[in-house]
Amino acid sequence: MAKRDYYEVLGIAKNASPEEIKKNFRNKARDLHPDNKDSGDEAAFKELAEAYEILSDEQKRATYDRYGHEGVKGSTRGFDNVDFSSMAGFGIDDFIEFFFGGGMRSGGRKGGPEQGSHLKYDLEIEFLEAVFGTEKKINIRRLEDCTTCEGTGAAPGSTPVTCVTCAGMGQVQQVMNSWFGQTMRVIECPACQGGGQKIDKPCRDCKGEALVRKSREFQLKIPPGIEPGSRLRLTMAGDKGRRGGTFGDLFVIIHVKEHKQFIRDGETIHIRQPISFSMAALGGEMMIATVDGPKQLKIAAGIQNGTTQVMREMGVPRFNNPTRRGDQIVHLIVETPTKLAPEEKKLLEKLAELRSEQLHLTPEELAEIELKKEAAKEAAAAEVAAKAGAGAKSKAGKKEEEKEKEDGSLIDKIVEAFRPKNGDEAK
Ligand SMILES: [Zn+2]
Ligand SMILES: [Zn+2]
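Just so you know, the residues in each chain are numbered from 1, in the order the chain's sequence is written. For this description, chains carry letters from A and ligands carry numbers from 1, given in the order in which they are written. Local features in this predicted model are restricted to residues whose pLDDT is 70 or higher, and side-chain atom pairs enter the listing and the counts only when it is 80 or higher, whereas totals over whole chains, interfaces and linings include all residues.

1. Structural notes on the overall build of the chain
Across its full length, the chain carries ten helices and 17 strands. Counting other C-beta atoms within 10 Å of a residue's C-beta gives its exposure: the residue is buried at 20 or more, exposed at 12 or fewer, and partly exposed in between, where C-beta atoms are placed from the backbone. Here the chain, with 427 residues, has 19% of them falling under the buried criterion. We call two residues in contact if the C-beta atoms placed from their backbones are at most 7 Å apart. The contacts in the chain between residues at least 6 apart in sequence include a share of 63% that link residues at least 24 apart. Note on conventions: DSSP H or I runs of at least 4 residues are helices, E runs of at least 2 residues are strands, and numbering of each starts at the N terminus.

So, in structure tokens, the structure goes:
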């Protein structure tokens, strides 16, 4: 019978997080648990437990991902010998605790060498360093063998002695009176923590731990085009493992500072480039900042505000293939001049005149607006008057006459206001 894929058994995606794995396992285990009269299924439960055993262990999971069932053969304790029917009445959490709890997952085989812990380091680099790559020295404090006792944990001159509790085996058998009836379980020797040896006179530097924290410098090569938030792995740069285990790894998280000019979007760089409106109208060339330094860019005549121009292959080198590069996109922002010298002002006015641009409303247009306003007011007044009755009529007529007079003088005022005055132009 072909074995089912562990991810399929747990009903999760290949990239599922440890939390998802645990959650799905719990949910499915509850359904398949022997306690469940309707959906309880011993064979399926065992299959599920095995899948969880492998996928909940980071190392076993990685091996399974690469080599499949063949790779993790023998890594599972095999749930076949477990009599699950006796589990009835015990919660699923008890089951998880019994089989997977208590550090069973982290250390591999009990008493043997343990791989050291992985370490994490946050590194902030400059924008251009992320674009072109760089090398960095990083200092970390990690566990290493104690040199005083040469990693034995025993004070110089003394040697560790064989543990009497486990006779040097590192493991002891424990009889469990559990829901399985009486079962034997092999556990880590509590007297020597699985080491098989006991230290009478502990080393003073490491207090018998055999490991001490030391400061170490590592050289880190950061490839071009690295994305902010990327994780670089330095193998064997983590903590030393216990009992002669190997070093863990060091994960360096790359943080990238923002740049004051460039904005990065993957391989593309965006830049905001103000241009004068003369340049926008006439076109020309200008120097534009790029990550390679200033480069010439041709500006076409008649550019509108917000137009973008592409500078090919002036962007970020492709990660793992730096000969390919993204583009730089220049966002052209047309700037309107603000402080105008008298001569500039004259020229612009001349330009407006040449283009027959009307910069102000004409006196006629202004007068019309005023007339419309008055008409609206009168219409409102007439409405009031109509409501007030016939007596008010003559009064309204009189008012209208006055209005006409006023309007005449208003037009004169407007015309006067917009007549160019001496000295006003030169301001
Ligand atoms: Zn020591
Ligand atoms: Zn022992």
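2. Describing the nonpolar core
Grouped together as the largest cluster of nonpolar side chains are 15 residues, with contacts concentrated most on Tyr-6, Leu-10, Leu-48, Ala-51, Tyr-52, Ile-54 and Leu-55. Every element with two or more residues in this core is listed here: helix H1 (6-10), helix H2 (18-32) and helix H3 (42-55). Ranked by residue count, the leading element in this core is H3, at seven residues. Apart from the residues lying within four places of it in its own chain, the contact partners of Tyr-52 are Leu-10 and Phe-25. Connectivity within a nonpolar core runs through C-beta atoms within 7 Å, and the core itself is a set of buried Ala, Val, Leu, Ile, Met, Phe, Trp, Tyr and Cys residues. Counting 13 residues, the second-largest nonpolar core is a separate cluster that includes Ile-226, Leu-250, Val-256 and Val-291.

3. Observations regarding the packing of H2 against H3
Between H2 and H3, the least distance of the axes is 10 Å, while the angle of their chain directions is 165 degrees. In terms of their interaxial angle, H2 and H3 are classed as roughly antiparallel. Helix-helix and strand crossings are classified by hand; for H2 and H3 the assignment is left-handed. Contacts between H2 and H3 pair Ile-21, Phe-25, Lys-28, Ala-29 and Leu-32 from the former with Ala-44, Phe-45, Leu-48, Tyr-52 and Leu-55 from the latter. When residue character is reported, Ala, Val, Leu, Ile, Met, Phe, Trp, Tyr, Cys and Pro are called nonpolar, Asp, Glu, Lys and Arg charged, and the others, Gly included, polar. Residue composition of the contact of H2 with H3, by class: nine nonpolar, no polar and one charged. Axes here mean lines fitted to C-alpha atoms, for a helix over just the part in contact, with angles spanning 0 to 180 degrees between N-to-C directions. Angles below 35 degrees are treated as roughly parallel, those above 145 as roughly antiparallel, those between 65 and 115 as roughly perpendicular, and all remaining angles as oblique. Crossings are classed by handedness, with left-handed meaning an anticlockwise turn of the near helix from the far one by less than a right angle and right-handed meaning a clockwise turn.

4. Details of H2
Each α-helix turn comprises 3.6 residues. Residues three or four places apart therefore point the same way. Expected span of a helix, by definition, is 1.5 Å for each gap between consecutive residues, and there is one gap fewer than residues. The end-to-end C-alpha distance of H2 is 21 Å, a good match for the 21 Å that 15 residues give at a rise of 1.5 Å each. Within the span of H2, buried status applies to Asn-24, Phe-25, Lys-28, Ala-29 and Leu-32. Considered in projection along H2, the buried side chains sweep an arc of 130 degrees and stay on one side of the axis. Relevant arc is that of directions from the helix axis to the C-beta atoms, nothing else.

5. Structural notes on the sheet that holds strand E8 (residues 231-234)
If DSSP finds at least two bridges between two strands, the strands pair. Reading across from one edge, E1-E9-E8 is the order of the three strands in this open sheet, with mixed pairing throughout. Every other strand in the sheet has two partners, leaving strand E1 (119-125) and E8 as the edge strands with one partner each. Between one strand and the next, the sheet's axes are offset by a mean angle of 25 degrees, whatever the strand orientation. Sheet analysis places E8 next to strand E9 (residues 250-256), joined by four bridges and oriented antiparallel. Residue Leu-232 lies in a different strand from E9, and its bridge partner there is Val-252.

6. Brief notes about the sheet that holds strand E11 (residues 268-276)
Pairing is mixed across the open sheet formed by four strands, whose spatial order is E10-E11-E17-E14. With one partner strand each, in any of the chains shown, strand E10 (263-265) and strand E14 (308-311) form the two edges of the open sheet. The sheet shows a mean angle of 30 degrees between the axes of neighbouring strands, taken without regard to direction. Relative to strand E17 (residues 328-335), E11 is paired through eight bridges, and the arrangement is parallel. Looking at E17, one finds that His-270 is bridged to Ile-329.

7. Re unusual backbone geometry
Trans peptide bonds make up most of the peptide bonds, and negative phi angles are found at most residues other than glycine. Even without being a glycine, Lys-207 presents a positive backbone phi close to 55 degrees. Notably, Ala-210 is not glycine yet its phi reads approximately 70 degrees, a positive angle. Turning to its location among the elements, Ala-210 is positioned in the loop between strand E6 (197-198) and strand E7 (211-222). Residue class for Ala-210 comes out buried when judged on the 24 C-beta atoms lying within 10 Å of it.

8. Observations concerning the environment of Pro-156
Positionally, Pro-156 belongs in the loop between strand E2 (134-145) and strand E3 (161-162). You can call Pro-156 exposed: it has 12 C-beta atoms within 10 Å. Sequence separation between Pro-156 and Arg-204 is 48 residues; the distance between their C-alpha atoms is 9.1 Å. If near-sequence neighbours (up to four positions away) are discounted, Pro-156 is found in contact with Thr-148 and Cys-149.

9. A closer look at the pairing of E9
Burial of E9 is one-sided: the residues Leu-250, Val-252, Ile-254 and Val-256 facing one way are buried, the residues Phe-251, Ile-253 and His-255 facing the other way are not. Here seven bridges tie E1 to E9, and the two strands are oriented parallel to one another. Bridge pairing links Asp-122 to Ile-253 in E9.

10. Describing the environment of Ile-275
Its location among the elements puts Ile-275 in strand E11. Put simply, Ile-275 and Ile-303 are 28 residues apart on the chain and 9.6 Å apart in space, counted from C-alpha to C-alpha. Beyond its immediate chain neighbours, meaning those up to four positions away, Ile-275 contacts Ala-280, Ile-299, Ile-303, Leu-332, Ile-333, Val-334 and Glu-335.

11. Points about the confidence of the model for the chain
Of the residues in the chain, 80% reach a pLDDT of 70 or more, and the chain-wide mean stands at 84. Per-residue confidence from the predictor is given as pLDDT, running between 0 and 100. Mean pLDDT in the chain bottoms out at helix H10 (residues 393-418), which sits at 61, and peaks at helix H6 (residues 127-132), which reaches 97. Throughout residues 102-110 the model reports pLDDT below 50, and contacts reaching past four residues in sequence, or to other chains, amount to nine contacts. The low-confidence segment residues 423-427 (pLDDT under 50) makes two contacts with residues lying over four places distant or belonging to another chain.

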